[in-house]
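Report on the structure
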Amino acid sequence: YQIYVGDTITISSATDSSINQEKLVVLSDGTISLPLIGQVQAAGTKVAQLQDALNNLYMEYMNDTAVLVQVVAGNPP
């Protein structure tokens, strides 16, 4: 699934609950805002791509991230 502007996603980590985000809406500029790493481009990426990107970005702050991205409500054009 490709993520679109207006989609609602959940971000969770099995190893650090401080980065968990429920019902996070992709903003009109295609980004999401997350603790520690700030703005991240989400729209136009596939779920697995965003998940990999977040794992890589969070690796700067923690050893094991195990980030999982799930689409709760899609908003395809």
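First things first, this report covers the structure right here in the doc. What you see as residue numbers is a count from 1 along each chain, following the sequence as written. In keeping with the predicted nature of the model, local features appear solely for residues at pLDDT of at least 70, side-chain atom pairs appear and are counted solely at 80 or more, and the whole-chain, interface and lining totals rest on all residues. Side-chain measures were taken over the full set of non-hydrogen atoms in the model, leaving aside hydrogen atoms and water.

Only runs of H or I of at least four residues qualify as helices and only runs of E of at least two qualify as strands under DSSP, and these elements are numbered from the N terminus. The helix and strand tally for the chain stands at one helix and five strands. Beginning at the N terminus, the succession of helices and strands in the chain can be written as β-β-β-β-α-β. All radius of gyration figures rest on C-alpha atoms, and the globule criterion is 2.2 Å times the number of residues raised to 0.38. Expected size for 77 residues packed as a compact globule is a radius of gyration near 11 Å; at 11 Å, the chain falls within 12% of this value. Across its three principal axes, the chain shows a C-alpha extent of roughly 35 × 20 × 20 Å. Contact definition: two residues touch when any of their heavy atoms are within 4.5 Å. When contacts within the chain are restricted to residue pairs at least 6 apart in sequence, those whose partners lie at least 24 apart make up 43%.

Once that is clear, we can look at the packing of aromatic side chains. Here is the rule: rings of Phe, Tyr and Trp (six-membered ring for Trp) pair when centre to centre is within 6.5 Å. Planes less than 30 degrees apart are stacked, more than 60 are edge-to-face, and the remainder are tilted. In the structure shown here, the tally under the stated rule is one aromatic pair. Both rings, one in Tyr1 and one in Tyr4, keep their centres 6.1 Å apart while their planes meet at 80°; by these two values the pair is edge-to-face. Any residue under 20% of the maximum accessible area for its type is buried, any over 50% is exposed, and the rest in between are partly exposed; the area is computed with a 1.4 Å probe on protein chains only. The class of Tyr4 is partly exposed, set by a relative accessible area of 25%.

On to the sheet that holds strand 1 (residues 8–13). If you walk across this open sheet you meet the three strands as 2-1-5, and the pairing is antiparallel. Looking along the sheet, the strands with just one partner apiece sit at the ends: strand 2 (21–25) and strand 5 (67–73). The mean inter-strand angle of the sheet, taken between neighbouring strand axes irrespective of direction, is 25°. Only when DSSP finds a minimum of two bridges between them are two strands counted as paired. As judged from the six bridges shared by strand 1 and strand 5, these two strands associate in the antiparallel manner. Within strand 5, the residue paired with Thr8 across the bridge is Ala73. Sitting on the sheet, helix 1 (residues 47–58) touches strand 1 and strand 5, and the angle it makes with strand 5 is about 140°. Throughout, an axis means a line fitted to C-alpha atoms (over the contacting stretch in the case of helices), and angles, computed between N-to-C directions, take values from 0 to 180 degrees.

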